Structures are given as C-alpha cells and as structure tokens.
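Residue-level structure breakdown
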Amino acid sequence: MFRNIGIIAHIDAGKTTTTERILYYTGTIHKMGNIDDGNTTMDWMPQEQERGITITAAATTCFWRDHRINIIDTPGHVDFTIEVERSLKVLDGAVIVLCACSGVQPQTETVYRQADKYHVPRIAFVNKIDRLGADFDRVIGEMRDRFGSNAAAIVYNDGAEDNFKGLIDIINNQYIQYHDKDGMEFERLPLPPEFQAKTDEYRHELIERLSEVDDELMELFINGKQPSKEQLMAAIRRTVIDSKFIPVLTGTSLRNRGVQLLLDAIIDFLPSPLDIPPMKAYNPDNKEETIQLKADDNEPPMGLVFKIASDKYVGKIFFTRIYSGKFIPGKNYLNSSNGKLEKIAKIVIMHSNKQEIITSASAGEIVAFVGLKESKSGETLCSEEKPAVLEGLKPPEAVVSLAIEPKSKADQDKMGTVLRRFLDEDPSLRVKFDHETSQTIISGMGELHLEIIVDRMKRENNLDVSVGRPEVAYKEAITKKVTGVVGKYVQQSGGRGKYGHVVIDVEPGEPGSGLVFVDKIKGGAIPREFIKPAKEGIEVGAQNGVKAGYPVSDFIVTLVDGSYHDVDSDEISFHLAGKYAIKEALHKAGSVFMEPIMSLEIVVPEDYMGSVIGDLNTRRAKITELGNRGKLKTARADVPLAEMFSYANALRSLSQGRATFTMEPSYYAQVPNSIAQKIIGDRQDPEGGGSVAKV
Ligand SMILES: Nc1nc2c(ncn2[C@@H]2O[C@H](COP(=O)(O)OP(=O)(O)OP(=O)(O)O)[C@@H](O)[C@H]2O)c(=O)[nH]1
Ligand SMILES: [Mg+2]
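Residues numbered from 1 in each chain as written. Chains lettered and ligands numbered in written order. Predicted model: local features only at pLDDT ≥ 70, side-chain atom pairs only at ≥ 80, totals over all residues. Heavy atoms only, no water.

Before going further, it helps to examine the pairing of strand β29 (residues 482–491). Summarising the sheet, β29 and strand β30 (residues 498–508) pair through eight bridges and their orientation is antiparallel. Within the sheet, the bridge partner assigned to Gln491 lies in β30 and is Lys498. (Pairing = 2+ DSSP bridges. Helix = DSSP H or I, 4+ residues; strand = E, 2+ residues; numbered from the N terminus.)

Listed below in structure tokens is the structure:
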C-alpha cells in the first residue's frame, strides 16, 4: 500500500525541513540535514543550498508502518509555482505546512487554491511552534476565516515559543513526551489531568466539525453518543478523502518534534491511489469520448509525464504518474498526446537526485522513465491498443523578460541547445528571438526564476551570457471582434507554385485563456493536413503584436473558410497564410497594451505603516485590505509589476529592514494611455502587417 503526497506551503514555512525529518524518522537517511547548513537531501541543487530555498520539486520515497510514501517536496517561492502546480496534478494528497507565527500567508492561499483546483485532499501541519509569536489556535482560526476550511486540531501543543514542552494527541487522549534532542525517542503517556478540560474542548470541536460533513458522526452526535476511537478515525479518513475536512497537527520540524505524528496522520487519513476516483481520460481521436481506467495493474497502461529533468549521468528523466496498468522497461508505449511511439529504456525511483532502478512500475506509482525521446511534460503515455489521453498542464503566464547574449559569439549555437533543454524541463519559461535587436529574450515568472536560469547556464553548461535589465513582459490584447479576415500566400511564376488561403474571425477571449483556436472548416475547403500548419502560422503571428511587438493573448481565432490548390498547396503556404491573416486581423481589431498586476502583501510594524502606504500610492497601487497579524500590521494591494522592480531595497529603507513582503502575479490589466506611450517608444512590429503577399 502506498501514499503519493506533496508538501506544500508559503516560502520558508519549513517544507524541506519537515521532509528531511520524515526521511530521518523513516530510516531513509541516517544524518539529518539542515537548511541553514545547506546540507539537506531534498534541496540538492547548489543554487538551493546557497540560497536556502527550494527551486525544483524533488521526489523521494520512504516507508512508515509498512506503507510506502512517495513524497514531493515543492518550492514555496512564487517564481517556481509551476513546480507546485504539476506536482499537485499527479498527487493523491497533500500536507499543507503553516508557520505557527505567520499563519496563513499569501502563498499558503495560492497553494491551497491549487490543491482545490486538482481536488487534492489535505492535512495541515502548523510548524515552528517553537518560534517567538507562535500561536496554534490563531493559525486554525485564520485557516477557517481565509479559506472557509472545515479544519480542527487532532494534535495540540503544551506551551509555545521557548516554553514549548510537548504535544497532546486529542484522538488518543495522550501526552507525547519526547526524550532526546533528535526526537527519535518519545513516549505516549496517559493525559495529565490538567490537560483534560482543554483536550475535551478540542475533541468536542473536532466531533462537531466532523458531524457537519459526515452522516455517521452526525447520527452519534444527535443522539448524544461519543464516537469510539475507530469511528472517529474512520470519519476523519472519509471526510479528508472527500476534501470536506482538514485535520490540523502541530510541532516543530527544526527542533525534531511532532513529525512522527504527522507521518501517522499521512497513513491514517490521506488517500491511497485506490481511494481516489479513476482519472478521466479521453479518446485521442474523439475528445468527446471519455475513458476511465482503474488504478489496477490488469488495466491497459496509462501515465502522465508531469516533469522532465536532466541528470548528468543518465540524461533526461521523465517523471511519470501511472494511473493504470503496468509499465515495463524495453517495451514500446504510445505517446497519445503527439502520436509517437516511445521506448522506455529504464524505470527508476527517485530519491532526491539519486536513482534506484526497478523492473516494472505499477498503477498508482510515481516513477521516472529514462530513454524517452519525444515526450514533453503534460503528455500521456499509454498502450497502443487502448489509446487514451489525459488532460495536460496549462503553463502560467510569464511576467518578466530578460535579454541575454552569449559573451562569445561562438557560444550562440550552444546557447540555443541549452535553452531548448531548459524549455523542455520548464513550461513556465519562454524564449524568443528579437529580430530587431538580434537578442534572445527569455521570459518567466519573476526575476529570481530568470536569475536561476542564467546561473544554471553558467554552472551546468559553462555558458557565460551578458544580461540586460529585467523588464516587464507586456502583452497585447484585442478589444473588438473582426470577421472574415483573409490571409493568402500565393506564388505562381512558372513551375510548382505556392498556394495557401484562410479566412478567420477573431474575437477577445476570457482573461488567462491564451489563444483559443476553433476549426469550423466545412466540406473540406481546406484539407485536414493544412489546418495544423495554418494554426501554427496564426500562433507565430500572434507572438508579435501590431502595437509594439509584444505577444497577443486571450483571444479566440475561428478558422471559417479558405481554399487550396491541388498541386501548389503545401504546409508552408498555409503556415504563411495563417500568419498573414492574424496580422491583418490584429490591425483591424485594434490592439491594446496589457501589463501584469501583482498581488502584494506587506507585513510591517505599525510605526512604518504610514510611509509604506505612502510609497505604495506613488506606485499606482490599489490597497485592497489592511489588517493585523499578531503585533504587526498587514497591507494587501494590487500593483503593476512595472512599479515594483527593486522593491525589496525600497521597503528595507522605508522600514529600517523591519517589513517583509510577498508578491505574485495576479492578472493582466490595460496600461494607462500616458504610460503606454512611453513604453511603446520606438518599439513597433518589426514584421509589419499586411494580409496578402504575392511574390
Ligand atoms: N524556529 C523554527 N525554524 C524552522 C522550523 N522549521 C524550519 N525552520 C527554518 O525555516 C527556514 C526555512 O525552512 P525550509 O525547510 O527551507 O522551508 P521551505 O518551506 O522548504 O522553504 P522553500 O522551499 O524555500 O519554500 C530555515 O531557516 C529553517 O531552519 C521550525 O520548526 N522552527
Ligand atoms: Mg524547501
């Protein structure tokens, strides 16, 4: 039996420290690593160890009470949010770690919403109960207020901060007394009488909250009966798996307290792969038809490649969640997302950056394949006989760009190769070549994201690049619908010519929808094989908007008509026809300028609040909420990213280093006209518009 779980939280809540302790108590490692010493097993990248933050989600495996637990430790920094997203997509359960002092932080909310999106059941661990200002009840209160969580404690603390002494197990009515510093030895003592009243109160709250969402417990509750321990545990398990209840534990990973109880809760309450409904897949030829395959080795094999990483020794590793059937090395499987056959050379289980070779991989497991050639993250592998495709991943929008150039001209090709590899690994990275300036532009989730990319180029590939200043990744958007726009590429001057012709309608789409392509070709006006190149031409054309050359986003293109020539038509003609059509459509539809708006939270001592808010007002910020966190004040605001470069320095001087902030991309909004004019400057579409090109 096993569990596939993720550890998710705001930056610095203690995910990696907790994972490290899990590995220690399960006997997987024999020496505890510490973030502050840069020697943890999970944060193995040099950049992670130097900075004390997790950058890439790392997978590992351990055993507890005869169960195998596959764990993915995710990064908290918002620049690496894709790592959380793709992990949650394939995990069956999550431990959400909160800081006992900071409580619910912005990124806690983000990962909580991500877990909601993928219906991932979760339990919560309130870490750092040893920290000054720690307050367990306040954190539970914040979970209820902020998320509307139906959360209740199953473990609470005896004392906090320096005065933290032990833990109380509410379900078993026991006192957990630790004996040694490493936290290996602890005893379950009968509850000392002075804790009984408080424990009863927590227990009452627990039962009451469970009764609200569980019929069996409700029945007992109404009849005034106390549930047995078994009934209580079964009710918690049922309601957690249904995502209707969140049990909350506490402890301190750094001081080695409470992690074994968390491990028990993972086994007792989080689902096994068999407890969750079968993953919905589709027939690749007919997306309407759904296919449900059970987590059973006898079903046809199907798995989702959710992450690709490069290893110095074995090359590319393809992290895959297996939803049904069994995968065996040496055999061919269909990549149903791209229609190509793939042979798996080796299957391994990952222990952070080390691998263990296994001979087969079964339904429900998370493993890594070696030897695939054509697969990308978000793609499905399955049997040739029973093709099925799972829903892929939608990459987040890139908000910051950086121009890069190799220091030596000879490295230009190498840079291309390295960037292509990074692109395979990281769907939140974008690369574009700016023909006007002959510069390569990389875009991503934030300054740190791009800084790490540049650092990895240098350290892993010995590639030195000069970098420009980070810039906002603006976008363009259309504001009105245009119909019947023609794109034609015709070349007929003796011999075989070229002929591509498309007609499209273009209209604004939902925010965040990207480019949606709808094919409404009837009666073979354009043969099937030319529709894909036409679509690609449209995508390429939309990468350079007509206002200032920024990518155009959030619009719907409908291919309504077109024509072809028996001899002259080919893929490239339709690609160009698509590209010309979209350029013309964008001219007609009138592009506007969009900028990323960040959602910002600042935590600051009261004395500095005035100057911090005053400064925000000069940055086009809209204050959305003011509040308190313990003795500190909090402010939330929506503010354009363009106003926020180097904000860390500004805030430091405004608050004498006493304020902290977090910021994440929230949405795109139209740039005010006066500012748009400044940004456009001499940036104009390098390729111009025009719909019909006859050469
Ligand atoms: N006082 C105290 N500090 C802790 C505790 N757990 C972790 N820390 C410290 O908090 C800091 C962050 O810990 P990490 O384990 O790296 O946190 P994380 O959630 O993995 O951080 P990211 O992966 O970067 O998001 C480190 O300095 C830890 O030593 C705890 O229980 N008590
Ligand atoms: Mg970490």
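Quick look at the site of ligand 1 now. Near ligand 1, the surroundings consist of 20 residues, among which Lys15, Thr16, Thr17, Asp36 and Thr54 are the closest. A distance of 2.5 Å is found between an oxygen atom of ligand 1 and a side-chain nitrogen or oxygen belonging to Thr17. Contacts to ligand 1 include Asp36, whose side-chain N or O atom sits 2.5 Å from an oxygen atom. Taking 660 Å² as the accessible area of ligand 1 by itself, protein coverage stands at 92%. A total of three residues in the shell around ligand 1 trace back to one element, the largest contributor, which is helix α1 (residues 15–25). (Near = heavy atom within 4 Å. Polar contact = N/O pair within 3.5 Å; in protein donor to acceptor, adjacent residues only side chain to side chain. Areas by Shrake-Rupley, 256 points an atom, 1.4 Å probe, with all protein chains shown as cover.)

So, about a negative patch on the surface. On the surface, a cluster of negative charge is made up of Asp135, Asp137, Asp200 and Glu201. Looking at where Asp200 falls in the secondary structure, it is placed in helix α6 (residues 196–213). You can call Asp200 partly exposed: its relative accessible area is 38%. (Patch = residues over 30% accessible without salt bridge, like charges linked within 9 Å, V, L, I, M, F, W, Y side chains within 5 Å. Salt bridge = Lys/Arg side-chain N within 4 Å of Asp/Glu carboxyl O. Lys, Arg positive; Asp, Glu negative; His and termini not counted. Charge placed at Lys NZ, Arg CZ, Asp CG, Glu CD. Buried < 20%, exposed > 50% of the residue type's maximum accessible area, 1.4 Å probe, protein only.)

A few words on the coordination of the magnesium ion (ligand 2). Around the magnesium ion (ligand 2), the donor atoms from the protein are Thr16 (OG1) and Thr54 (OG1), and they sit 1.9 Å away. Of this pair, Thr16 sits in helix α1 while Thr54 is found in the loop between α2 (46–51) and β2 (58–64), placing the two residues 38 residues apart along the sequence. Overall, the relative accessible area of 5% leaves Thr16 in the buried class. A residue is classified by how much of its surface remains accessible, and Thr54, at 8% relative accessible area, is buried. (Donors = N, O, S within 2.8 Å, 3.2 Å for Na, K, Ca; no water.)

Attention now goes to the sheet that holds strand β15 (residues 315–324). Pairing is antiparallel in the open sheet, where eight strands are placed in the order β17-β16-β21-β14-β15-β20-β18-β19. In the strand order of this sheet, the two ends are held by β17 (340–343) and β19 (354–358), each with one partner. On average, adjacent strands in this sheet sit at an angle of 40° to one another, irrespective of strand direction. Helix-sheet contacts for helix α3 (residues 81–90) involve β14 (302–311), β15 and β20 (366–370), and the interaxial angle to β14 is about 145°. Contacting β14 and β15, helix α10 (residues 412–425) crosses the sheet at an angle of about 145° to β14. (Axes fitted to C-alpha atoms, helices over the stretch in contact; angles between N-to-C directions. Contact = heavy atoms within 4.5 Å.)

Right, let's get into the packing of helix α12 (residues 528–541) against helix α13 (residues 571–589). Each packed pair of helices is defined by two parameters, the angle between the axes and the distance between the axes. In contact at an axis separation of 7 Å, α12 and α13 are set at 40° when each is read in the N-to-C sense. By the angle class used here, α12 and α13 are oblique. For the element pair α12 and α13, the recorded crossing hand is right-handed. Judged by residue contacts, Glu529, Phe530, Pro533, Ala534, Glu536, Gly537, Ile538, Val540 and Gly541 of α12 engage Glu571, Phe574, His575, Gly578, Lys579, Ile582 and Lys583 from α13. (Parallel < 35°, antiparallel > 145°, perpendicular 65-115°, else oblique. Left-handed = near helix turned anticlockwise from the far one by under 90°.)

Right, let's talk about the packing of aromatic side chains for a bit. If you walk through the whole model with that rule in mind, you get 15 aromatic pairs. Ring-pair connections join several aromatic residues into one group, and the members of that group are Phe136, Tyr156 and Tyr202. The ring of Phe2 is capped by Arg68, whose NZ or CZ atom sits 5.4 Å from the centre of that ring. Just above the ring of Phe319 sits the side chain of Lys307; from NZ or CZ to the centre is 5.9 Å. (Phe/Tyr/Trp six-rings, centres within 6.5 Å; stacked < 30°, edge-to-face > 60°. Lys NZ or Arg CZ within 6 Å of the ring centre and 35° of its normal.)

Our next topic: helix α11 (residues 447–461). In a regular helix each residue adds 1.5 Å, so 15 residues correspond to 21 Å; α11 covers 21 Å between its end C-alpha atoms and thus fits that length. All of the buried residues in α11 are Leu448, His449, Leu450, Ile452, Ile453, Val454, Asp455, Arg456, Met457 and Asn461. At its buried positions, α11 is contacted by α2, β23 (400–406), α10, β25 (439–444) and β26 (465–467). One or two positions beyond α11, positive phi appears at Asn462, with a value near 60°. (Expected span 1.5 Å × (residues − 1).)

To continue, consider the side chain of Arg619. Here Arg619 is to be found in the loop between α14 (606–617) and β34 (622–629). According to the relative accessible area criterion, Arg619 is buried, its value standing at 12%. Leaving out residues up to four positions away in the same chain, Arg619 has contacts with Val639, Pro640, Glu643, Met644, Tyr647 and Ala650.

The next thing to look at is a nonpolar patch on the surface. A grouping of Met218, Phe221 and Ile222 is seen on the molecular surface, where their side chains present a nonpolar patch of about 270 Å² in accessible area. Mapped onto the fold, Phe221 is located in helix α7 (residues 215–222). For Phe221, a relative accessible area of 31% corresponds to the partly exposed category.

Another aspect to go through is the sheet that holds strand β13 (residues 286–292). If you trace the three strands from one edge of the open sheet to the other, you get β13-β12-β22, paired in antiparallel fashion. In this open sheet, the two strands that pair with only one neighbour each are β13 and β22 (389–390).

This next bit is on the pattern of salt bridges. On inspection of all chains with the given rule, the structure shows 40 salt bridges. Here Arg237 makes a salt bridge to Asp275, at a shortest N to O gap of 2.7 Å. You can see Arg237 sitting in helix α8 (residues 229–241) and its partner Asp275 sitting in the loop between α9 (259–269) and β12 (280–283), a full 38 residues away along the chain. The salt bridge involving Arg456 is made with Glu425; its shortest N-O contact spans 3.1 Å. Residue Arg456 is located in helix α11, and its partner Glu425 is located in helix α10; the two are separated by 31 residues in the primary sequence. Its relative accessible area of 14% is what places Arg456 among the buried residues. Residue classification places Glu425 among the buried positions, given a relative accessible area of 9%.

When you line up the elements, Glu664 lands in strand β36 (residues 660–670). Within polar-contact distance, the side chain of Glu664 engages the side chain of Thr110 at 2.6 Å. Beyond its immediate chain neighbours, meaning those up to four positions away, Glu664 contacts Val78, Pro106, Gln107, Thr110, Arg113, Ile597, Met598 and Ser599.

What follows covers unusual backbone geometry. Peptide bonds are trans in most cases, and residues, glycine excluded, mostly fall at negative phi. Notably, Asp12 is not glycine yet its phi reads approximately 70°, a positive angle. Of note, Asp12 is situated in the loop between β1 (2–9) and α1. At Asp554, a position not held by glycine, the phi torsion is positive, near 55°. Residue placement: Asp554 occurs in the loop between α12 and β32 (555–563). Residue classification places Asp554 among the buried positions, given a relative accessible area of 14%.

Within the fold, Arg209 resides in helix α6. For the pair Arg209 and Ala152, spaced 57 residues apart in sequence, the C-alpha to C-alpha distance is 7.2 Å. When near neighbours in sequence (up to four residues on either side) are disregarded, Arg209 contacts Arg144, Ser149, Asn150, Ala151, Ala152 and Phe245.

This paragraph deals with the state of the cysteines. Overall, the coordinates contain zero disulfides when judged by the stated rule. Here Cys101 is not disulfide-linked; the sulfur of Cys99 is the nearest cysteine sulfur, at 5.0 Å. Cys101 sits in the buried class, given a relative accessible area of 15%. (Disulfide = S-S within 2.5 Å.)

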